[in-house]
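Breakdown of the fold
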Amino acid sequence: METHALVTLENILHAALSAPPTEVRRLFHGRGRCYEGLEQMTVDWLQGQVLVCLFKEPSEEFLTELQALLARWTESDLWQKSGATSLLLQHRAREGVPMELLWGTHNEQQDVTESSLKYRLDLGGKQNNGLFFDMRLGRDWVRAQAGQKRVLNLFSYTCGFSVAAIAGGADHVVNLDMAKAALNRGRENHRLNGHDLKNVTFMGHDLFKSWGKVRKYGPYDLVIIDPPSFQKGSFALTKDYRKILRRLPELLTESGQVLACVNDPAVTSQFLIEGMAEESPEVTFDYRLDNPPEFQDIDPEGGLKALVFSRKP
C-alpha cells in the first residue's frame with residue numbers, strides 16, 4: 001500500500017458521501033486492483049456504520065496517513081450530514097482480525113437492507129460480517145427465479161440466498177452448512193423479514209457425509225453452490241468441487257437450474273464450465289451473472305464468478 005495513492009482514496013470517499021447509499025454498499029473496492037497502491041483496502045457503507053478493511057499490514061507511515069485522512073473525512077460537512085454513526089477499521093492481516101473504533105459508537109450487531117431485504121451483520125471479532133456484498137446480483141437473480149420452486153442452498157453460511165428465495169416465493173429452501181452458528185444467524189435473517197420458517201430447513205452437516213439427507217428433500221428445481229475456497233478438514237475447492245457437480249443429476253428435477261459460484265482469483269469460469277461438462281454433461285452452461293458495478297476488477301476473471309447452468313431433458 002502506497003501513501004501517494006491516498007489522495008485517490010480521499011476523492012472517492014468524498015464523492016461517495018455526496019449521495020450516501022440508502023442500502024448497504026461497498027464504497028471503495030481496492031481488491032479489484034484498479035487503484036494502484038490501494039489493492040489491499042475496502043470501504044463499506046453499512047447504513048450508519050462505515051467499515052474500512054486492511055487485508056495486508058501496511059507500513060507505519062501509510063497507517064498514520066490513512067488515519068489522518070479518515071479523521072478529516074469524519075470532520076467534513078458531508079460526513080456530518082450522511083447519518084453515519086461510527087467509523088471502524090478492521091485489521092484483517094492481524095491475529096484475531098481486531099476491529100478498531102475510529103469515530104462514533106460501535107454496535108456489534110448491525111441490521112442492513114439490500115434489495116429491500118433485511119440482514120443482520122456481525123461487526124464484532126469475526127473475520128466476515130455475515131453478508132458478501134459482491135453476491136448482491138446473485139441474490140437478486142435467485143429471488144427472481146425462485147417462485148414456486150424447491151431450492152437447495154449448499155454452503156449456505158448465513159442463508160442470504162435462502163432469504164432471497166423465500167422472498168421470491170420459493171415453496172421450500174434447504175440450507176446446508178457445517179457451521180451451526182451461521183445457520184442460527186440465517187434463522188434470524190429470515191425472522192427479520194417475517195418469513196415462515198416452516199418453509200425453510202436448516203441442516204448443520206458435512207455435505208459429503210450427508211447426501212442421503214439432502215436427497216430426501218429433493219428433487220430440487222434450483223441448486224445453489226457457493227463454497228469457500230478452502231475449509232480446513234472439509235473442503236478444498238479444486239479437489240472437492242467436482243464431487244458436488246457429479247451428484248447434480250440425482251438432486252435436480254428434469255429441467256432444474258444450478259447457480260455455481262467460485263470466488264478465488266486463481267480459478268476461472270472455465271474451471272466450472274469444464275468440470276460440469278465432464279461430471280454432469282446433461283447440465284449445460286447458460287450464462288454468467290454480472291457482478292455489481294462497484295466491484296470493478298482489472299481482470300474479469302479475478303473477482304466473483306457466478307454461473308448459471310440448466311438441465312436439458
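In this text the structure is predicted, and so the values were computed from the model without any measurement. All chains use their own residue numbering, which begins from 1 and follows the written sequence. Restriction of local features to residues with pLDDT of at least 70 applies here, the model being predicted, together with a cutoff of 80 or more for giving and counting side-chain atom pairs; totals for whole chains, interfaces and linings are based on all residues. The side-chain values count all of the structure's non-hydrogen atoms but skip hydrogen atoms and water molecules.

Re the nonpolar core
For this analysis, a nonpolar core means a set of buried residues of the types Ala, Val, Leu, Ile, Met, Phe, Trp, Tyr and Cys, connected via side-chain atoms within 4.5 Å. Burial classes: relative accessible area under 20% of the type maximum marks a residue as buried, over 50% as exposed, and values in between as partly exposed (1.4 Å probe, protein chains only). In this structure, Leu154, Ile225, Tyr241 and Val258 are the most contacted members of the largest nonpolar core, which totals 30 residues. By size, the runner-up hydrophobic cluster in this structure holds 26 residues, among which are Leu9, Phe28, Trp45 and Val52.

A closer look at the sheet that holds strand β3 (residues 49–54)
When DSSP locates at least two bridges between a pair of strands, those strands are taken to pair. In this description a helix means any DSSP run of H or I spanning at least four residues, a strand means any run of E spanning at least two, and both kinds are numbered starting from the N terminus. In space, the 5 strands of this open sheet follow the order β1-β2-β3-β4-β5, with mixed pairing throughout. Edge positions in the open sheet fall to β1 (25–29) and β5 (99–104), since each of these has one partner strand only. For this sheet, the mean inter-axis angle between neighbouring strands, taken without regard to orientation, is 20°. Pairing analysis gives 4 bridges linking β1 to strand β2 (residues 41–46), with the strands arranged antiparallel. Angles run from 0 to 180 degrees between N-to-C directions of axes, and those axes are lines fitted to C-alpha atoms, restricted for helices to the stretch in contact.

Topic: the state of the cysteines
By disulfide we mean two sulfur atoms from cysteines, separated by a distance within 2.5 Å. Going through the model one piece at a time under the given rule, you end up with 0 disulfides. The thiol of Cys53 is unpaired, and the distance to the nearest cysteine sulfur, on Cys34, comes to 18 Å. Counting only cysteine sulfurs, Cys261 is the nearest neighbor of Cys159, a cysteine outside any disulfide, at a range of 15 Å.

Here we look at the pattern of salt bridges
One speaks of a salt bridge when a side-chain nitrogen belonging to Lys or Arg is within 4 Å of a carboxyl oxygen belonging to Asp or Glu. Under the counting rule described, the total for this entry stands at 20 salt bridges. Between Arg94 and Glu57 there is a salt bridge; the shortest N-O distance is 3.0 Å. In this pair, Arg94 sits in the loop between β4 (86–91) and β5 while Glu57 sits in the loop between β3 and α2 (60–75), placing the two residues 37 residues apart along the sequence.

A few points about the packing of aromatic side chains
Ring pairs shown here join Phe, Tyr and Trp side chains whose ring centres sit within 6.5 Å, with only the six-membered ring taken for Trp; geometry is labelled stacked below 30 degrees between planes, edge-to-face above 60, and tilted in between. Inspection of the entire model under this criterion finds 7 aromatic pairs. When the centroid spacing of 6.2 Å and the interplanar angle of 70° are considered together, the rings of Phe208 and Trp211 count as edge-to-face. Look at Phe208 and you get partly exposed, because its relative accessible area is 23%. The exposure class assigned to Trp211 is buried, which follows from its relative accessible area of 7%. In this structure an aromatic cluster arises from ring pairing among Trp73, Trp79 and Trp103. Both a distance and an angle decide whether a charge sits over a ring: NZ of Lys or CZ of Arg must be within 6 Å of the ring centre and within 35 degrees of the ring normal. Between the NZ or CZ atom of Arg31 and the centre of the ring of Phe55, over which it lies, the distance is 3.9 Å. The ring of Phe202 is capped by Arg187, whose NZ or CZ atom sits 4.4 Å from the centre of that ring.

A word on the packing of helix α8 (residues 237–245) against helix α10 (residues 269–279)
Taken N-terminus to C-terminus, the directions of α8 and α10 make an angle of 45°; their axes are 9 Å apart at the nearest point. Judged by the inter-axis angle, α8 sits oblique to α10. In terms of crossing hand, the pair formed by α8 and α10 is right-handed. Counting all contacts with α8, which are made through Leu237, Thr238, Tyr241, Arg242 and Leu245, the residues of α10 involved are Phe271, Leu272, Glu274, Gly275, Met276, Glu278 and Glu279. Should an angle fall under 35 degrees it is taken as roughly parallel, and over 145 as roughly antiparallel, whereas 65 to 115 is taken as roughly perpendicular and any remaining angle as oblique. Left-handed describes a crossing whose near helix is turned anticlockwise from the far helix through less than a right angle; right-handed describes the clockwise counterpart. Residues count as neighbours in contact if any of their non-hydrogen atoms are within 4.5 Å of one another.

Considerations on the sheet that holds strand β11 (residues 220–225)
One open sheet holds the 7 strands; their spatial order is β10-β9-β8-β11-β14-β16-β15, and the pairing between them is mixed. A single partner strand is all that each edge strand has here, and the edge strands are β10 (200–203) and β15 (283–288). Each strand axis lies, on average, 20° off the axis of its neighbour in the sheet, ignoring direction. Along the sheet, helix α4 (residues 136–145) makes contact with β11, β14 (252–262), β15 and β16 (305–311), crossing β14 at roughly 170°. Sheet strands touched by helix α6 (residues 180–192): β9 (172–176) and β10. Its angle to β10, the strand with the most contacts, is close to 165°.

With respect to the side chain of Gln49
Relative to the assigned elements, Gln49 resides in strand β3. A polar side-chain atom of Gln49 sits 2.7 Å from a polar atom in the side chain of Ser86. What Gln49 contacts, discounting residues up to four positions off in sequence, is Asp44, Thr85, Ser86, Leu88, Thr105, His106, Asn107, Gln110 and Leu123. By the criterion applied in these results, polar contacts are pairs of N or O atoms within 3.5 Å in which, for protein atoms, one can donate a hydrogen and the other can accept it, and in which residues neighboring in sequence qualify only through two side-chain atoms.

Some thoughts on helix α1 (residues 6–17)
Expected span of a helix: the number of residues minus one, times 1.5 Å. Taking 1.5 Å as the rise per residue, α1 with 12 residues should run 16 Å; its terminal C-alpha atoms sit 17 Å apart, in good agreement. Taken residue by residue, α1 has Leu6, Leu9, Ile12, Leu13, Ala16 and Leu17 as its buried positions. Considered in projection along α1, the buried side chains sweep an arc of 130° and stay on one side of the axis. Note that the arc is computed from the directions linking the helix axis to the C-beta atoms.

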